[in-house]
Amino acid sequence: MTLLQRIGYYLGGFSIGLIILAFFLNGKKASCSYGPEARTMKNINSKKIIYGADFEKTLAEHKIDTATINSVLKRGDIDFSKGEPRKKPCGLYYIEDSSNNSEISFFVENCDSIATLSGLSIKND
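Chains are numbered independently. Their residues run from 1 in the order of the written sequence. Note on the predicted model: pLDDT of at least 70 is required for a residue's local features to be given, and 80 or more for side-chain atom pairs to be given and counted; whole-chain, interface and lining totals, by contrast, use all residues. To obtain the side-chain values, all non-hydrogen atoms of the structure were included, while hydrogens and water were left out.

Caption draft 1: Quick peek at the layout of surface pockets. A cavity here means a set of 1 Å grid points, computed over protein atoms only, where a 1.4 Å probe fits but cannot escape. A pocket is an open set with protein on both sides within 12 Å along at least 5 of 7 lines, and lining residues have an atom within 4 Å of a point. Grid points are joined across faces, edges and corners, and a volume is the space filled by probe spheres set on the points. The volume enclosed by the largest pocket comes to roughly 180 Å³. Lining of the largest pocket is provided by Thr-40, Asn-43, Lys-47, Pro-85, Arg-86, Lys-87, Lys-88, Pro-89, Gly-91, Tyr-93, Asn-110 and Cys-111. The helix count covers DSSP runs of H or I at least four residues long, the strand count covers runs of E at least two residues long, and both are numbered beginning at the N terminus. Among the elements of the structure, helix 2 (36-45) and strand 3 (91-99) are those that each provide at least two residues to the lining of the largest pocket.

Caption draft 2: Here's a closer look at the state of the cysteines. In plain terms, two cysteine sulfur atoms within 2.5 Å form what is called a disulfide here. On inspection of all chains with the given rule, the structure shows one disulfide. Disulfide pairing is shown between Cys-90 and Cys-111; the S-S distance is 1.9 Å. Between Cys-90 and Cys-111, the S-S dihedral sits near 110°, and the bridge is therefore right-handed. Of the two residues, Cys-90 is situated in the loop between strand 2 (77-84) and strand 3 and Cys-111 in the loop between strand 4 (102-110) and strand 5 (114-124); the sequence distance between them amounts to 21 residues. For the exposure calls, accessible area comes from a 1.4 Å probe over protein chains only, and a residue counts as buried if that area is under 20% of its type's maximum, exposed if over 50%, partly exposed in between. Cys-90 sits in the buried class, given a relative accessible area of 9%.

Spelled out as C-alpha cells, the structure:
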C-alpha cells in the first residue's frame, strides 16, 4: 500500500468520524470551557443573580439596564488578583469589561446557589 493510499484511507475515516460526531453532538450544548476564567463565568451564569442595594442604585444613576450587566457577565474578564476566589463560604470575583465607550466593573460573591453583584464602577471615556 502506497503512502498516498494510506493518506486517502486516513482522511476517509477521519471525515466519516467527523460526520458521526456532528450527528451525536448536534443540538447539545457542548462547550470547551476548560480555563479557570471560563469555568468561573459559566458557574456564575448558571446561578440566580441578585443585585445588591448599592448596585441597583448605581445602575439607576448611570441609566444602565440589566441587559448590559448580563452581557458583561457573559463576555467580561475576571481579575483573580483583585478578588478573593478562595474566600469561604463564598468566593469573591472581580469582573470587568470595556465596551460601548465605558468600562464597567463589579464584584460577584459566588455562593452555592446564588451570585450577588456589588460594588459597581462605571468609567465613561
